[in-house]
Amino acid sequence: MIVPRAAIALAALPFVAGCVGGLLGEGDSDQLYRLQAELPASQGGSAAGVPAAQRTAIVLLPLSFAPEIEGDRMLAGRGREAFYIKDARWGAPAPSLVSDALASAFDVRAPALLLADRRDNAGAEFALEVHVTRFEARYPAGTDVESEAAPVAIFAGEARLRGRGREPVAVRSFSSAVPARENRVSAIVDAHAEGVSTAAAELADWTQAAIAAAPARNVTGPDKGESGSVRSDGEP
């Protein structure tokens, strides 16, 4: 699916446009960056105008990340080498940033769905699992990372939609590759923001379509018509 490129608003705390020099190691004073995406509404309109009672409840389970990218360090790589960008960190752990981007995408692009609180999800019919395997700036093999060669921001993983009883409903891989406009931290953050927001929009669209195509479901539990729930670890 081709999704219109989102308009991205970026904020850094504070925002600096420094060169990516001395990439290896940790600095004494790291600059913090965050992602903030403004996504276009779907053709069906924003969820803001749809009553909650008319929306299908879905739980977004805690995101799972590969160990090297689950913190607040910015991973980069070249060939077989992997390293963290010096003096730059995300303003929050990567799972928190991506989870916020997904929540915003569902609110803007999936008016038929209602993201239920993981702690109070009685009546939720579906659960969405997202595992992120790549979230890095990738430099061309054989290049000097302190040269003018700009990296590509890679964001990839897999999403699984499950029913209340953990039965699989749909699965898909997602991947984005956005070239940074130049070899600067601010440009790398910009490229990451575009890639994450585009993938989040695609996942929201896909999830809404997969639920719409799923067989009609009984929203009550097996005993005495009581509503079921999905635990935050994904168990019914």
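Here's a quick rundown of the structure. The model shown is predicted, which means the values in this text are computed figures rather than measured ones. (Residues numbered from 1 in each chain as written. Predicted model: local features only at pLDDT ≥ 70, side-chain atom pairs only at ≥ 80, totals over all residues. Heavy atoms only, no water.)

## Observations concerning the packing of helix H1 (residues 94-109) against helix H2 (residues 185-213)
Orientation of H1 relative to H2, taken along the N-to-C sense of each, is 50°, at an axis distance of 8 Å. Between H1 and H2, the interaxial angle falls into the category oblique. Crossing geometry of H1 relative to H2 is assigned as right-handed. Facing Val98, Ala101, Leu102, Ala105, Phe106 and Arg109 of H1, the residues of H2 in contact are Val196, Ala200, Ala201, Leu203, Ala204, Asp205, Thr207 and Gln208. (Axes fitted to C-alpha atoms, helices over the stretch in contact; angles between N-to-C directions. Helix = DSSP H or I, 4+ residues; strand = E, 2+ residues; numbered from the N terminus. Parallel < 35°, antiparallel > 145°, perpendicular 65-115°, else oblique. Left-handed = near helix turned anticlockwise from the far one by under 90°. Contact = heavy atoms within 4.5 Å.)

## Points about the nonpolar core
In this structure, Leu128, Val130 and Phe135 are the most contacted members of the largest nonpolar core, which totals 56 residues. For this core, the secondary structure elements donating two or more residues are strand S5 (56-60), strand S7 (73-78), strand S8 (81-90), H1, strand S10 (126-139), strand S11 (152-163), strand S12 (168-179) and H2. Looking at this core, the element that brings in the most residues is H2, giving 14 residues. Discounting chain neighbours no more than four positions away, the residues touching leucine 128 are Ile58, Val59, Leu60, Leu61, Phe106, Ala159, Arg160, Leu161, Trp206 and Thr207. Among the nonpolar cores identified, the runner-up in size contains six residues, and Ala57, Val59, Ala116 and Ala124 belong to it. (Core = buried A, V, L, I, M, F, W, Y, C linked by side-chain atoms within 4.5 Å. Buried < 20%, exposed > 50% of the residue type's maximum accessible area, 1.4 Å probe, protein only.)

## Describing empty space enclosed by the protein
Evaluation of the coordinates by the stated rule reveals one cavity of 30 Å³ or more. Taken as a whole, the largest cavity spans an internal volume of roughly 30 Å³. Along the walls of the largest cavity sit Val98, Leu102, Val130, Phe155, Phe174, Val196, Ala199, Ala200 and Leu203, which together make up its complete lining. Of all elements in the fold, only H1 and H2 reach the threshold of two or more residues within the lining of the largest cavity. Across the lining of the largest cavity, the residue classes tally to nine nonpolar, no polar and no charged. (1 Å grid on protein atoms, 1.4 Å probe; cavity = no way out; pocket = protein on both sides within 12 Å on 5 of 7 lines; lining within 4 Å. Points joined across faces, edges and corners; volume = space filled by probe spheres on them. Nonpolar A, V, L, I, M, F, W, Y, C, P; charged D, E, K, R; others polar.)

## Considerations on the environment of glutamine 31
Mapped onto the fold, glutamine 31 is located in strand S3 (residues 31-34). For glutamine 31, a relative accessible area of 21% corresponds to the partly exposed category. With 154 residues separating them in the primary sequence, glutamine 31 and valine 185 have C-alpha atoms 9.7 Å apart.

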